[in-house]
Amino acid sequence: MAALREPLPATLRITGYRSHAKEILHCLKEKYFRELQDLEVDGQKVEMPQSLSWYPEELAWHTNLSRKILRKSPQLEKFHQFLVSETECGNISRQEAVSMIPPLLLNVNPHHKILDMCAAPGSKTAQLIEMLHADMNVPFPKGFVIANDVDNKRCYLLVHQAKRLNSPCIMVVNHDASSIPNLQMDVDGRKEVLFYDRILCDVPCSGDGTMRKNIDVWKKWTTQNSLQLHGLQLRIATRGVEQLAEGGRMVYSTCSLNPIENEAVIASLLEKSQGALELADVSSELPGLKRMPGITKWKVMLKDGQWFEDWKDVPSNKQTQIRPTMFPVKDEEKLQAMNLERCLRILPHHQNTGGFFVAVLIKKSPMPWNKRQPKVHQKLPQRTGDTEVTAANSDNGSECVTEEPTLAENEDSKKMQEFQNSDTEQSKKEGVCGPPPSKKMKLFGFKEDPFVFLPEDDPLFLPIQQFYALDPSFPKMNLLTRTQEGKKRQLYMVSKELRNVLLNNSEKMKVINTGIKVWSRNSDGEQFGCAFRLAQEGIYTLYPFIHARIINVCIEDVKILLTQENPFLSKFSSETQKKVKDMAMGSIVLKYNPDPEKPDDLQCPIVLCGWQGKTSLRAFVPKNERLHYLRMMGVEVFKAKRKEEESESKTQEEVQHRLAQTEEGMDVEDKEHDLVTKMEAETGEESFHSPVESSAMEVENKMEDLDQSSKNANSHVSQESKDTDTSNVKD
């Protein structure tokens, strides 16, 4: 209780899937943390940030610095600005320490199909995406993350978090987690039900473990909260294990310490699974993390203070509030077999964190009520008169028997299937994944634009392929746009597996966002042979396939490109000038390769999008990303940033205006921009970034004059002053 009354230390996580993570860590330790050493503010010594001992590779840190202190000292202001800027780029994530645990216990591999059931605001989802991209040399991992949330508005917050990681393997969907539909995938010409290898089930909870940051919990907490949430939590967890593949792992977590929301849910799930599920022993995982075992005995309390030890003691007029699944299992043998002590309870005083509960479940066989559920939903070439659809063996070799429908049922279902398929098959041929029909599902929030895959013979693609000399292995089938009519302004890219999911389930699910922007239409480019310029967002995904228009630049050239808006060619090294001379005007790739013989220089490769004009060369990189690269190269951006803003000239504004006209008018990012800004204000999401600008906007569209930048600085402060973080509490 004493620990709960103390303010929560600020924690941050360096995103681990980029080669840049080590550089950021080096920069933090060598530069910013050193400046904090022996620093005093108001006669008080500033505490040094500490790495979380249990988090791999020193990629998570906690600090006792308050915002008030951060604003008082110039050294700290610089550190603060570093955090704000790096968060905007997606290189640092502001996340509570205990919230980092569930993704680590999922043991994700790049080939895993992952479902995040209650994903908003998205800090855990970001961790899952990083794990998929553990090997940066693989642009399209075989796995993917489907991130779901029931709240339409919070889905846009989720999109913003995910977009900062620039992954083609994430899809954001909007459903009630307790009834999330079964999806299907096309496997060798037949439809199979999609079972997930890993599921994160971070359910809505009463949030009593978050008292240190959500002060309201002290006033509003009652035992009633848990009693009302228990049923929903159990339904969500049950739906999760139904969709889990055999041998798969599901992590159930809450930011509550109440056994009604924790052990009671797990015990009930284990009991009705009849041996299909077991709790994994993770005592040897995350060494250094202090934890308590799960409990096996508890009582249930009503709002008025009445305690009950057994379901049979509950009076009939209270049996709607209290349910039998809330009580501990009485049968000692059953209780022992459940191994509830394998659950993890993280208490606030153990390592100065919030309170948290985690349980890791492994699925050994199908759930008893799903034993006869077919793994293969249907074979596409189906013979007439068949009354039985044979199920193929699942991945891990176990067989499933399908139910045999009666002949009449079979004919009815076929007619219905044919009727439903007539429209969807046609649109699938055209590669269009529109929103689901309104009769089947009541839609809330924005009506999303369709996801239209580029037809194989689309004339749009040939000039792009020739201009950038794309590799024959380039998966052009995975390119999509968000418009069915008119000019295609942006081209996005998804992985092959997500394309499969999109094409086979568009009538079942509401997709909010997927795909990473790889090309943007630029009318100026048409005269040079290609109407589409490269987008910085997707450059790391595209780069392995591009064989033309690449200029290798030295570190000095990179500094010029990032500090000057439209530098003349004469400012670059003679080697760069030579390469540019032989190249036609238009969009280009600028690549920096580190020199191992110069250890003081930046030691990670950089790929930038640029534009070659008649007499100049410029980088098309968002402002915060520019600052990130400059920091990594040791340039003092705290001053450079202001210098850059003051030196903007009228010509640059004209260039901006022209480029702004080439951007897509109303895309999903516009919706995100308004909603994310609003949502972060509403939820009080404590993050190191200012009210969000569209994550897909390039820098030339958001460079502003000095007046505007000072307004933005104020908005950083106002956003920072919000004291609550709802990254775990989901109301």
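Procedures and definitions
- Residues numbered from 1 in each chain as written.
- Predicted model: local features only at pLDDT ≥ 70, side-chain atom pairs only at ≥ 80, totals over all residues.
- Heavy atoms only, no water.
- Phe/Tyr/Trp six-rings, centres within 6.5 Å; stacked < 30°, edge-to-face > 60°.
- Helix = DSSP H or I, 4+ residues; strand = E, 2+ residues; numbered from the N terminus.
- Axes fitted to C-alpha atoms, helices over the stretch in contact; angles between N-to-C directions.
- Left-handed = near helix turned anticlockwise from the far one by under 90°.
- Contact = heavy atoms within 4.5 Å.
- Nonpolar A, V, L, I, M, F, W, Y, C, P; charged D, E, K, R; others polar.
- UniProt positions renumbered as here; feature names shortened; annotations may be inferred.
- Patch = residues over 30% accessible without salt bridge, like charges linked within 9 Å, V, L, I, M, F, W, Y side chains within 5 Å.
- Areas by Shrake-Rupley, 256 points an atom, 1.4 Å probe, with all protein chains shown as cover.
- Salt bridge = Lys/Arg side-chain N within 4 Å of Asp/Glu carboxyl O.
- Buried < 20%, exposed > 50% of the residue type's maximum accessible area, 1.4 Å probe, protein only.
- Parallel < 35°, antiparallel > 145°, perpendicular 65-115°, else oblique.
- Pairing = 2+ DSSP bridges.
- pLDDT = per-residue confidence, 0-100.
- Core = buried A, V, L, I, M, F, W, Y, C linked by side-chain atoms within 4.5 Å.

**Brief notes about the packing of aromatic side chains**
According to the stated counting rule, one finds 13 aromatic pairs in the structure shown. Ring geometry for tyrosine 32 versus phenylalanine 79: centroids 6.3 Å apart, planes at 40°, classification tilted. Residue tyrosine 32 is found in helix H1 (residues 20-36), and its partner phenylalanine 79 is found in helix H3 (residues 74-89); the two are separated by 47 residues along the sequence. Consider the rings of phenylalanine 461 and phenylalanine 474, whose centres lie 5.9 Å apart with planes at 10°: the pair is stacked.

**Thoughts on the packing of H1 against helix H18 (residues 623-632)**
Interaxial distance between H1 and H18 falls to 10 Å at its minimum, and their mutual angle equals 65°. Once H1 is placed against H18, the crossing between them reads as left-handed. When H1 is examined against H18, the residues His20, Glu23, Ile24, Cys27 and Tyr32 are found in contact with a partner set consisting of His628, Tyr629, Arg631 and Met632. Among the residues making up the contact of H1 with H18, the classes are represented as five nonpolar, two polar and two charged.

**Section: the UniProt feature "active site" (unreviewed entry) in the protein chain**
In this structure's numbering, the residues bearing the UniProt feature "active site" (unreviewed entry) are Cys255. With respect to the helices, strands and loops of the structure, cysteine 255 is situated in the loop between strand E13 (244-254) and helix H9 (263-273).

**Considering a nonpolar patch on the surface**
On the surface, a nonpolar cluster with roughly 330 Å² of combined accessible area is contributed by Met1, Ile215 and Trp218. Structurally, isoleucine 215 can be placed in the loop between strand E12 (196-202) and helix H7 (216-220).

**Structural notes on unusual backbone geometry**
Residue proline 121 is bonded to the preceding alanine 120 through a cis peptide linkage, with omega at 5°. Residue placement: proline 121 occurs in the loop between strand E7 (113-116) and helix H5 (123-132). In this structure, aspartate 188 is a non-glycine residue whose phi angle is positive, near 50°. Relative to the elements of secondary structure, aspartate 188 occurs in the loop between strand E10 (184-187) and strand E11 (190-193). A residue is classified by how much of its surface remains accessible, and aspartate 188, at 74% relative accessible area, is exposed. For arginine 549, which is not glycine, the phi dihedral falls at a positive 60°. If you trace the backbone, arginine 549 turns up in the loop between helix H15 (539-542) and strand E28 (550-552).

**A word on the packing of helix H8 (residues 223-242) against H9**
Direction vectors running N to C along H8 and H9 enclose 45°, while the axes themselves pass 10 Å from each other. If you check the angle between H8 and H9, you find them oblique. As H8 runs across H9, the sense of the crossing is right-handed. Counting all contacts with H8, which are made through His230, Gln233, Leu234, Ala237, Thr238 and Val241, the residues of H9 involved are Ala264, Val265, Ser268, Leu269 and Lys272. Looking at the contact of H8 with H9 residue by residue, the classes come out as six nonpolar, four polar and one charged.

**Notes on the pattern of salt bridges**
Within the structure shown, the criterion is met by 19 salt bridges. For arginine 34, the salt bridge identified is with glutamate 30, shortest N-O distance 3.0 Å. Remark: glutamate 30 and arginine 34 occur in helix H1; sequence separation between them is four residues, near one turn of the helix. A relative accessible area of 52% places arginine 34 in the exposed class. Across the pair lysine 312 and aspartate 310 runs a salt bridge, and its minimum N-O distance is 3.0 Å. Of the residues examined, lysine 312 reaches a relative accessible area of 68% and is grouped as exposed.

**What to know about the sheet that holds strand E31 (residues 617-619)**
Across the sheet, which stays open at both edges, the four strands sit in the order E28-E29-E30-E31 with mixed pairing between neighbours. The sheet terminates laterally at E28 and E31, the two strands that pair on one side only. Averaged over all adjacent pairs, the angle separating strand axes in this sheet is 35°, with direction ignored. Pairing analysis gives three bridges linking strand E30 (residues 606-612) to E31, with the strands arranged antiparallel. Among the inter-strand pairings, tryptophan 611 is bridged to a residue of E31, identified as arginine 618. Its contacts with the sheet place helix H17 (residues 574-581) against E28, E30 and E31, and it is angled at close to 165° to E28.

**Here's the deal with the sheet that holds strand E6 (residues 92-94)**
Taken together, the four strands give an open sheet; going across it, the order is E4-E5-E1-E6, and neighbouring strands pair in antiparallel fashion. Edge strands, defined here as strands with exactly one partner in the open sheet, are strand E4 (50-51) and E6. Here three bridges tie strand E1 (residues 10-14) to E6, and the two strands are oriented antiparallel to one another. Bridge assignment links arginine 13 to a residue of E6, and that residue is serine 93.

**Notes on the confidence of the model for the protein chain**
Summarising the model, the protein chain shows a mean pLDDT of 79, and 75% of its residues fall at 70 or more. Of the regions scoring below 50 in pLDDT, residues 373-424 engages in 66 contacts with residues more than four places distant in sequence or in other chains.

**Focus on the nonpolar core**
In terms of nonpolar packing, the biggest core is built from 155 residues, with Trp54, Phe82 and Ile266 touching the most fellow members. For this core, the element with the most residues is H1, which contributes eight residues.

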